[in-house]
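Per-entry structural report
Listed below are the residues making up each chain.
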Amino acid sequence: SSSGGAPRAGVAEYRQFLSWERCKSLTWRRVPCRHNLDAREGSPGMFSRRGHVFVMGGWGRGGACDVHAARLDELPLRMVEIPIRMPPPPFRSTYETGITVLEEDEEGPAAGGQPAPFRVAYTGGYVFGGYRNESGTFGILEIDFPQGSSSPAARWVRVGEMEPRACHSGTFVPPRVAGAGYPEGYLLLVGGNTGHSVTNDVSLLNLATWRWEEPAFDGEAACPAPRNSHRATLLGDRILVTSGGTGDGRNGDPPRGGNDLRDAWWLEGLEGARLRWVRAADWSQCAPG
């Protein structure tokens, strides 16, 4: 072709083929598991800490704010609901909630050899079925390992208000990256839906003061399109935000409405929260078509 379109298309297909070949080292295996979660959707959070796997929230028979855990060294996994020692927080259970572990790496045992406690942020989400009414509340859940108990336990240690938001991403930025101005690090929320509309707003929760801040941005830089149901992962000293969709009240709501997005962006300038967006130029060349 004189335009060069066919060779470029061939190169793109070859790169895609190579990416698939490299992924052959990944293998899915069914893990036997006993649980009483029932059928559950609404993006429950799932994370692993202290030799356990945890499942939190989602939508079953309504929004859920429970926590289930199983030891990873026992098969089949025995997923059981863990007790929350304090009364439920004064907010309604939600789904499509942001669930973020507020810890960068596994910590060693606490005094006495017990696993150290850790905290999880529970932010926003939808209150009602049909992807309606974004929640304007967040909670901080502390999970610990009581002496003599065979399972973890939990308690709510903080509840507060936030901009109503759902289907967003939440990323913990640890102190080593956040800088001296954030001695406990911060939680960064990106995108999602607010006011029944998809957004690309960014919110920052200072984990030392527990106050929400509006981070400074480079006003001249390009920024990603509004999106929800995406992923945001801290890699080194920047965050990679990938994919997502544009579903909101104008086009059928998430997760089925709108269009799927296949681009990716780096969020840089995390030290001191002086942020800037940088397009990840090579992402579309290796993402499945």
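What you are looking at is a predicted structure, and each value in this text was computed from that prediction instead of being measured. Every chain begins its residue count from 1, and numbering advances along the sequence as written. In view of the model being predicted, local features appear only for residues whose pLDDT reaches at least 70, and side-chain atom pairs are presented and counted only at 80 or more, with totals across whole chains, interfaces and linings using the full set of residues. Hydrogen atoms and water are omitted, and side-chain values are computed over all heavy atoms in the structure.

**Side note on the environment of D201**
Along the chain, the position of D201 falls in strand β15 (residues 197-206). Judged by relative accessible area, D201 falls into the partly exposed class, the value being 36%. Each C-alpha atom, one on D201 and one on V190, is 6.1 Å from the other, the two residues being 11 residues apart in sequence. Not counting residues within four places of it along the chain, the set of residues in contact with D201 comprises E163, R165, L189, V190 and G191. By the criteria applied, helices consist of DSSP H or I runs no shorter than four residues and strands consist of E runs no shorter than two, each listed in order from the N terminus. When accessible area is computed with a 1.4 Å probe and restricted to protein chains, residues below 20% of their type maximum are described as buried, those above 50% as exposed, and intermediate ones as partly exposed. Whether two residues are in contact is decided by their heavy atoms: any pair within 4.5 Å suffices.

**A look at the pattern of salt bridges**
Salt bridge criterion: a side-chain nitrogen from Lys or Arg within 4 Å of a carboxyl oxygen from Asp or Glu. Enumeration over the complete set of coordinates arrives at 14 salt bridges. D66 is the partner of R40 in a salt bridge, and the nearest nitrogen-oxygen pair spans 2.9 Å. Of this pair, R40 sits in the loop between β1 (33-34) and β2 (45-49) while D66 is found in strand β4 (residues 63-71), placing the two residues 26 residues apart along the sequence. A relative accessible area of 14% places D66 in the buried class. The salt bridge involving E268 is made with R276; its shortest N-O contact spans 3.4 Å. Bridged by salt links that share partners, the residues R49, R50 and E103 form one connected network.

**Focus: the sheet that holds strand β6 (residues 80-81)**
For two strands to be treated as a pair, DSSP must find at least two bridges joining them. Across the sheet, which stays open at both edges, the four strands sit in the order β2-β3-β4-β6 with antiparallel pairing between neighbours. A strand with exactly one partner marks an edge of an open sheet, and here the two such strands are β2 and β6. With seven bridges connecting them, strand β3 (residues 52-59) and β4 associate as antiparallel partners. Along β4, the bridge assignment pairs M56 with V67.

**Comments concerning the sheet that holds strand β13 (residues 169-173)**
If you walk across this open sheet you meet the four strands as β13-β14-β15-β16, and the pairing is antiparallel. With partners counted over all chains shown, the strands left at the sheet margins are β13 and β16 (211-213), one partner each. Within this sheet the neighbouring strands show an average axis-to-axis angle of 25°, counted without direction. Relative to β15, strand β14 (residues 186-194) runs antiparallel, the two being bridged by eight bridges. Residue pairing across strands places L187 opposite L205, the latter belonging to β15. Axis lines are fitted through C-alpha atoms, for helices just across the contact stretch, and the angle between N-to-C directions can take any value from 0 to 180 degrees.

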